[in-house]
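One letter stands for each residue in the lines below.
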Amino acid sequence: MRLAILFGGMSFEHEISIVSAIALKKVLNMPLTFIFLDADGSFYLIPANSMKSNHFSSKSYKKDEKIYLTKGGFEKRGLFKSKPVKDFDTVLNLVHGGQGEDGTVSALLDFYSIPYIGPRKEASVLSFNKWLTKMYAKEIGVECLDYQIVSINDKREINFDYPVIIKPLRLGSSIGVSIVKSAKELDFALDVAFEFDDEVLVEPFVEGISEYNVAGCKVGDEWILSRIEAPQKKEFLDFEQKYLDFSRTESVNSAKIGSELENSLKNSFKTVYGSMFEGALIRCDFFVKDGKIVLNEINPIPGSMANYLFDDFTSVLTKLSSHLPKNRVIKPDYAYINQVQSAKGPKV
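The protein chain carries the name D-alanine--D-alanine ligase in an unreviewed UniProt entry, which gives Hydrogenimonas thermophila as its organism. Entered under Function (unreviewed entry) in the UniProt record, the comment concerning the protein chain runs "Cell wall formation."

Spelled out as structure tokens, the structure:
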């Protein structure tokens, strides 16, 4: 398999996407092409030896070759003719946050019939919006924490006892997230969250819970599931910790849990993944308290694709790329128009 890593995008998580792409360059043992989507919506073909953070922060990437979407892939455009980019077979959607995880990139790749690893449109919409994630989980029988949605113009009244956790509704990487321990801290926390979204999710902050992360995908009839990680952290994983997390390439050890809990977590992951996330490698973050498993988040494009949870990440992506969902081809035959025209005459 020859893989093109698509990264960047217009998002508050733009820089994290760059960090993720650099991390995957280190861990993937396969031919790689790097395609950068800048904040203005232009695509650039980035040489592998230029995959360094300052290449993007200094805007040096603008000297690289610009490429354009075309049916089945990308092309380079010259003065008189275009030339296809033939260095890859499959695109890996590594655009974190807006555009990459809200369905925009998926829709583009689908429209241009480009094979890609990543969440499809519906899966993106459901997992990007935390409110829709809650509704999806409820529908498939997976428990979630209680929640409240507060809009920027709403009265600032919270339905839960403190402490609570405040999250922008459509954002990841713990950006804009705060733990509020008393009413006097509420306004500031909401102001921070509203910098990133006009709606926020409020949940009770439950102490004394364990958190476990599971990543994986379904390839045909085979489930490929990662080790289960018990992240070590403080009260919650803040942006600085998450930023480092996105650059991880070292493997982590499996959580020390019993087989019953391990099987329950993996079964919960399979329920969430279902058929909705076909074609994607996702990570689910679960809480466990008093033996009860609760879904915290679905990460449709996990940081550095959670490579550190697998023994052979290259093999996982290779297998997944061979079982991607195919769009139904619909070719109009104009039979209806022809019937109407025959019935009503040539002026129709």
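Novice: Sorry if this is basic, but what is going on with the overall build of the protein chain here?
Specialist: On a plain count of helices and strands, the protein chain comes out with 10 helices and 16 strands. Computed over C-alpha atoms, the radius of gyration of the protein chain comes to 22 Å, within 12% of the 20 Å expected from 2.2 N^0.38 for 348 residues, which places it in the range of a compact globule. If you line up the protein chain on its principal axes, its C-alpha atoms span 70 × 60 × 40 Å. Residues counted as buried form 50% of the 348 residues belonging to the protein chain. For the protein chain, the proportion of contacts with a sequence separation of at least 24, taken over those separated by at least 6, is 67%. By element, 49% of the accessible surface of the protein chain is carried by carbon and sulfur atoms, the whole surface being about 17800 Å².

Novice: Sorry if this is basic, but what is going on with the domain arrangement of the protein chain here?
Specialist: Many authors give the size of an interface as the accessible area that is lost as the parts come together. As assigned here, the protein chain comprises domain 1 (3-118), domain 2 (126-143 + 209-322) and domain 3 (148-204). Taken over both partners, the interface formed by domain 1 and domain 2 buries close to 1900 Å², and the fraction arising from carbon and sulfur atoms is 76%. Considering only the side of domain 1, the residues that lose the most area to domain 2 are Ile16, Glu101 and Ile117, jointly responsible for 28% of the buried surface there. For the interface between domain 1 and domain 2, the tally reads zero salt bridges. Seen at the junction of domain 1 and domain 2, the total is five residue pairs in polar contact (both at pLDDT 80 or more). At the level of elements, helix 1 (14-27), strand 7 (90-93) and strand 8 (116-117) are the ones that each hand at least two residues to the side of domain 1 that touches domain 2.

Novice: Just checking my understanding: could you explain a nonpolar patch on the surface for this structure?
Specialist: Residues Trp131, Met135 and Tyr147 make up a contiguous nonpolar surface patch of about 270 Å² in total accessible area. One can find tryptophan 131 in helix 5 (residues 130-140). The exposure class of tryptophan 131 is partly exposed, given its relative accessible area of 33%.

Novice: What am I meant to see in the environment of glutamate 157 here?
Specialist: Within the secondary structure, glutamate 157 is located in the loop between strand 9 (148-151) and strand 10 (164-168). Residues glutamate 157 and alanine 183, spaced 26 residues apart in sequence, show a C-alpha to C-alpha distance of 9.5 Å.

Novice: How do you make sense of the sheet that holds strand 16 (residues 292-299) when you look at a structure like this?
Specialist: Within the open sheet, the four strands sit side by side as 14-13-15-16. Their pairing is antiparallel. The open sheet is flanked by strand 14 (222-225) and strand 16, the only strands paired with a single partner. The average angle at which neighbouring strand axes cross in this sheet is 35°, direction not considered. In the sheet, strand 15 (residues 282-289) pairs with strand 16 via seven bridges, with the strands oriented antiparallel.

Novice: Just checking my understanding: could you explain the packing of helix 4 (residues 121-128) against helix 5 for this structure?
Specialist: For any two helices packed against each other, one specifies the inter-axial angle together with the distance between the axes. Orientation of helix 4 relative to helix 5, taken along the N-to-C sense of each, is 105°, at an axis distance of 5 Å. On the basis of the axis angle, helix 4 is roughly perpendicular to helix 5. Residues Val125, Leu126, Ser127 and Phe128 of helix 4 pack against Lys130, Leu132, Thr133 and Tyr136 of helix 5. Residues of the contact of helix 4 with helix 5, tallied by class, amount to five nonpolar, two polar and one charged.

Novice: Explain the sheet that holds strand 11 (residues 178-180) here, please?
Specialist: Overall, antiparallel pairing links the four strands, which are arranged 9-12-10-11 in an open sheet. Edge positions in the sheet fall to strand 9 and strand 11, since each of these pairs with one other strand and no more. Going across the sheet, the axis of each strand differs from the next one's by a mean of 30°, ignoring polarity. The sheet contact formed by strand 10 and strand 12 (residues 199-204) spans five bridges and is antiparallel. From the neighbouring strand, isoleucine 165 faces strand 12, where its bridge partner is glutamate 203. Where helix 5 meets the sheet, its contacts fall on strand 9, strand 10 and strand 12, and the angle it forms with strand 12 comes to roughly 50°. Helix 6 (residues 186-194) contacts strand 9, strand 10, strand 11 and strand 12 of the sheet and is inclined by roughly 20° relative to strand 10.

Definitions and cut-offs
Residues numbered from 1 in each chain as written. Predicted model: local features only at pLDDT ≥ 70, side-chain atom pairs only at ≥ 80, totals over all residues. Heavy atoms only, no water. UniProt positions renumbered as here; feature names shortened; annotations may be inferred. Helix = DSSP H or I, 4+ residues; strand = E, 2+ residues; numbered from the N terminus. Rg over C-alpha atoms; globule rule 2.2 N^0.38 Å. Buried < 20%, exposed > 50% of the residue type's maximum accessible area, 1.4 Å probe, protein only. Contact = heavy atoms within 4.5 Å. Areas by Shrake-Rupley, 256 points an atom, 1.4 Å probe, with all protein chains shown as cover. Domains from an automatic or database assignment. Buried area = accessible area lost by both parts, 1.4 Å probe. Salt bridge = Lys/Arg side-chain N within 4 Å of Asp/Glu carboxyl O. Polar contact = N/O pair within 3.5 Å; in protein donor to acceptor, adjacent residues only side chain to side chain. Patch = residues over 30% accessible without salt bridge, like charges linked within 9 Å, V, L, I, M, F, W, Y side chains within 5 Å. Pairing = 2+ DSSP bridges. Axes fitted to C-alpha atoms, helices over the stretch in contact; angles between N-to-C directions. Parallel < 35°, antiparallel > 145°, perpendicular 65-115°, else oblique. Nonpolar A, V, L, I, M, F, W, Y, C, P; charged D, E, K, R; others polar.

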